[in-house]
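# Architecture and fold: a report
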Amino acid sequence: MKIDHKKYENYLPDQIPNGIEDLSPKLEIFGDDKIECWYAPLGKINTKATIALYGITPGWTQMQIAYRIALRPKKGDKLKAMSTIAFAGSMRKNLIEMFDELGVHRYFQVDSFADLFGTKILAYSSILKYPVFSGGKNYNGYKPDLLSHPFLRSMLESVLVSELREFKNCLIIPLGKKAAEGIFYVRKRVKLEKQQILSGFPHPSGANAHRVRQFSENKMKLSNQVQAWFEST
C-alpha cells in the first residue's frame, strides 16, 4: 500500500470542513460497508525522536486541524504544527497527567510532559496512519476488529512497518490495547525488542471509562519499564 500525496493534495478543501460530507470523494482512500479511510495532510513524522506515541487512528478533530493548517501554510516550525494536531483536545490533558505521574519528564529536565510537545524529543503518529471511520464515528479498533479487516492489516504491514523502521533507539508507546495490538502485530518485521514497547498504557480518550483504573493497575509496571529503558540508553 502506497499513498500518492501529490494526487490527494490536489483535492484538499479550500475551506475548513465541518464534516466528512464537506470533503471531495477523491480524498477517500478506501471504503466498504464497514469502514472509510480518508486522506489528511498529517505531515512527516519526527523519526529522530526519543519517544514515539502511537494512537489507533487520527480522529475527526485531528483531521480537521490538519486541514486548517494546510489552508494556512506558513514558514515556521513544522514540529510545532505537528504538535498542534497530535492528540488534540481532552486526550492531551489526560495523556500529560498520566505521563507526569510516571515521571517521564524528569528524564529530560523539564517540569512536565507538556513541555515535550513541540520538541524533537517526541514523535506522534497512529498505527493506522490515515483517518479511519466506522459508522460515521472515529474507528476504535473493534468494529470491525483491527486484524480481521484486510485493508487495515495492509496499512499496518506497509505504512506502519515502513514508519517504525525509521526510528533508532526510540521508546514506542502505544496508547491503548488496540494500538498495542497493532504494534506487536508488526514487531518482528520491524525487529523491535519487547522492552522497546511500553505496553499496558491506557488510551487517553475521555470516552475510555476504564482509563483511570487501567492506569492505576499498570502504573508500577509502566514506571519500572520507563526507568529501565532510560537507564539503559
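Quick note: structure is the one above.
Notes on the structure follow. (Residues numbered from 1 in each chain as written. Predicted model: local features only at pLDDT ≥ 70, side-chain atom pairs only at ≥ 80, totals over all residues. Heavy atoms only, no water.)

Turning our attention to the sheet that holds strand β7 (residues 171-174). Spatial strand order, β4-β3-β7: three strands in an open sheet with parallel pairing. Only two strands of the sheet have a single neighbouring strand rather than two, namely β4 (122-126) and β7. When the angles between neighbouring strand axes are averaged without regard to direction, this sheet yields 20°. Summarising the sheet, strand β3 (residues 51-55) and β7 pair through four bridges and their orientation is parallel. When the bridges of β7 are listed, L53 appears paired with I173. (Pairing = 2+ DSSP bridges. Helix = DSSP H or I, 4+ residues; strand = E, 2+ residues; numbered from the N terminus. Axes fitted to C-alpha atoms, helices over the stretch in contact; angles between N-to-C directions.)

The four strands are arranged β1-β2-β5-β6 in an open sheet whose pairing can be described as antiparallel. Strands at the two margins of the open sheet, each flanked by one partner only, are β1 (28-31) and β6 (137-138). Direction of pairing for strand β2 (residues 36-38) relative to strand β5 (residues 132-134): antiparallel, over a ladder of two bridges. Counted as the bridge partner of C37 is V132 from β5.

Let's shift gears to unusual backbone geometry. With omega at 0°, the peptide bond leading from K143 into P144 counts as cis. Residues other than glycine seldom take positive phi values, yet Q109 does so here, at roughly 55°. Its location among the elements puts Q109 in the loop between α4 (90-102) and β4. A positive phi is found at N169, a non-glycine position, where the angle reads about 55°.

Here we take up the packing of helix α5 (residues 150-164) against helix α6 (residues 177-190). Across the interface, α5 lies against α6 with an axial gap of 10 Å and an inter-helix angle of 55°. Judged by the inter-axis angle, α5 sits oblique to α6. Considering only the axes of α5 and α6, their crossing is right-handed. Residues R153, L156, E157, L160, V161 and L164 of α5 form the contact with α6, whose participating residues are G182, I183, Y185, V186, R189 and V190. Its residues placed into classes, the contact of α5 with α6 shows eight nonpolar, one polar and three charged. (Parallel < 35°, antiparallel > 145°, perpendicular 65-115°, else oblique. Left-handed = near helix turned anticlockwise from the far one by under 90°. Contact = heavy atoms within 4.5 Å. Nonpolar A, V, L, I, M, F, W, Y, C, P; charged D, E, K, R; others polar.)

Looking now at the packing of α4 against helix α7 (residues 211-232). Where α4 meets α7, the axes come as close as 10 Å, and the angle between the chain directions of the two elements is 35°. Crossing hand, α4 versus α7: right-handed. On α7, the residues that touch N94, M98, E101 and L102 of α4 are R211, F215, K219, L222 and S223. Per-class residue counts for the contact of α4 with α7 are four nonpolar, two polar and three charged.

There is about 980 Å³ of room inside the second largest pocket. Around the second largest pocket, the lining comprises 43 residues; the ones closest to its centre are I56, T57, M91, H203 and S205. Within the residue set of the lining of the second largest pocket, elements represented by two or more residues are α2 (60-71), α3 (78-85), α4, β4, α6 and α7. Along the lines of polarity and charge, the residues of the lining of the second largest pocket split into 20 nonpolar, 20 polar and three charged. (1 Å grid on protein atoms, 1.4 Å probe; cavity = no way out; pocket = protein on both sides within 12 Å on 5 of 7 lines; lining within 4 Å. Points joined across faces, edges and corners; volume = space filled by probe spheres on them.)

What follows is about the pairing of β1. As judged from the three bridges shared by β1 and β2, these two strands associate in the antiparallel manner. Directly across from G31, in β2, lies its bridge partner E36. As consecutive antiparallel partners, β1 and β2 are separated by four residues.

A separate point is the side chain of K129. Among the secondary structure elements, K129 is positioned in the loop between β4 and β5. A residue is classified by how much of its surface remains accessible, and K129, at 11% relative accessible area, is buried. Polar contacts involving the side chain of K129 include one to the side chain of E163, which spans 3.0 Å. Residue contacts for K129: discarding those within four places in its chain leaves L42, G43, I45, P58, M155, V159 and E163. (Buried < 20%, exposed > 50% of the residue type's maximum accessible area, 1.4 Å probe, protein only. Polar contact = N/O pair within 3.5 Å; in protein donor to acceptor, adjacent residues only side chain to side chain.)

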